Amino acid sequence: MKTNMTVLLIALISIVFSVAAQFCLKAGMSSGHIRMAMEAKLSIQGVVALISSPYIIAGFMLYGMGAMIWLAVLARWDVSKAYPLVGFGFVLAALIGLIQGENISFLRIAGIVLIVGGVAVVART
């Protein structure tokens, strides 16, 4: 039982890293100079702005770290058991989005509840 809880904790850490990566990438893409550069149809200036943005760099680093941590989960659990846990990322992303002022509709909340229900069913198997 302790091993399952440890793997679950490792999985949740990986998921947190992935959600943090999404918000970093969003912050990077929302910055004014990148948005203006991207409007120029992915010009050289736009590519340079992307690869030099601290938020974009942090986002990709977080994704990489999350993937490396996820490998520890896959080494211990079947993919069919582990992968549905990624659904918890929807909950975390919605909560952080709500804190940041994103519009979270009733239908989006209902969808997230359905995902969490599915994850709970898979986790019990």
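Presented here is a report on the structure given in the accompanying data block. (Residues numbered from 1 in each chain as written. Predicted model: local features only at pLDDT ≥ 70, side-chain atom pairs only at ≥ 80, totals over all residues. Heavy atoms only, no water.)

1. With respect to the overall build of the chain
Item 1. On a plain count of helices and strands, the chain comes out with seven helices and zero strands.
Item 2. Reading the chain from its N terminus to its C terminus gives the helix and strand order α-α-α-α-α-α-α.
Item 3. In the chain, which comprises 125 residues, the proportion classed as buried is 26%.
Item 4. Sequence separation of 24 or more characterises 71% of the internal contacts of the chain that already satisfy a separation of 6 or more.
Item 5. A total of about 8300 Å² of accessible surface is found on the chain, and carbon and sulfur atoms cover 74% of it. (Helix = DSSP H or I, 4+ residues; strand = E, 2+ residues; numbered from the N terminus. Buried < 20%, exposed > 50% of the residue type's maximum accessible area, 1.4 Å probe, protein only. Contact = heavy atoms within 4.5 Å. Areas by Shrake-Rupley, 256 points an atom, 1.4 Å probe, with all protein chains shown as cover.)

2. With respect to the nonpolar core
Item 1. Judged by nonpolar contacts, Val7, Ala11, Ile15, Val19, Phe23, Trp70, Val73, Trp77, Ala82, Leu85 and Val119 together constitute the single largest core of eleven residues.
Item 2. Elements supplying a minimum of two residues to this core: helix H1 (2-30) and helix H4 (54-76).
Item 3. When residues of this core are assigned to their parent elements, the largest contribution, five residues, is made by H1.
Item 4. Sequence-distant contacts of Val73, defined by excluding residues within four places in its chain, comprise Val7, Ile10, Ala11 and Ala82. (Core = buried A, V, L, I, M, F, W, Y, C linked by side-chain atoms within 4.5 Å.)

3. Comments concerning the packing of aromatic side chains
Item 1. All chains considered together, the criterion is met by zero aromatic pairs.
Item 2. Lying over the aromatic face of Trp77, Lys81 brings its terminal NZ or CZ to 4.6 Å of the ring centre. (Phe/Tyr/Trp six-rings, centres within 6.5 Å; stacked < 30°, edge-to-face > 60°. Lys NZ or Arg CZ within 6 Å of the ring centre and 35° of its normal.)

4. Comments concerning H1
Item 1. Given a rise of 1.5 Å per residue, 29 residues ought to cover 42 Å, and the 42 Å separating the end C-alpha atoms of H1 matches this to within 8%.
Item 2. For H1, the set of buried residues is Val7, Ala11, Ser14, Ile15, Val19, Ala21, Phe23, Cys24, Leu25 and Gly28. (Expected span 1.5 Å × (residues − 1).)

5. Some remarks on a nonpolar patch on the surface
Item 1. Nonpolar side chains collect at one region of the surface, where Met68, Leu71, Leu74, Val79, Tyr83 and Val86 lie side by side and expose about 580 Å² of accessible area between them.
Item 2. Broken down by element, the nonpolar patch gets its largest block of residues, three residues, from H4.
Item 3. Within the element layout of this structure, Leu71 appears in helix H4.
Item 4. Since its relative accessible area comes to 48%, Leu71 is described here as partly exposed. (Patch = residues over 30% accessible without salt bridge, like charges linked within 9 Å, V, L, I, M, F, W, Y side chains within 5 Å. Salt bridge = Lys/Arg side-chain N within 4 Å of Asp/Glu carboxyl O.)

6. What to know about the packing of H1 against H4
Item 1. For the pair H1 and H4, the least separation of the axes is 8 Å and the interaxial angle reads 160°. In terms of axis orientation, H1 runs roughly antiparallel to H4. As for how H1 packs across H4, the hand of that crossing is left-handed.
Item 2. Residues that form the contact of H1 with H4 fall into these classes: 22 nonpolar, six polar and one charged. (Axes fitted to C-alpha atoms, helices over the stretch in contact; angles between N-to-C directions. Parallel < 35°, antiparallel > 145°, perpendicular 65-115°, else oblique. Left-handed = near helix turned anticlockwise from the far one by under 90°. Nonpolar A, V, L, I, M, F, W, Y, C, P; charged D, E, K, R; others polar.)

7. Some details on the side chain of Ser14
Item 1. By secondary structure assignment, the location of Ser14 is in helix H1.
Item 2. Among the polar contacts made by the side chain of Ser14, one reaches the main-chain carbonyl oxygen of Gly66 at a distance of 2.8 Å.
Item 3. Among all residues touching Ser14, those that are not within four sequence positions of it are Gly66, Ile69 and Trp70. (Polar contact = N/O pair within 3.5 Å; in protein donor to acceptor, adjacent residues only side chain to side chain.)

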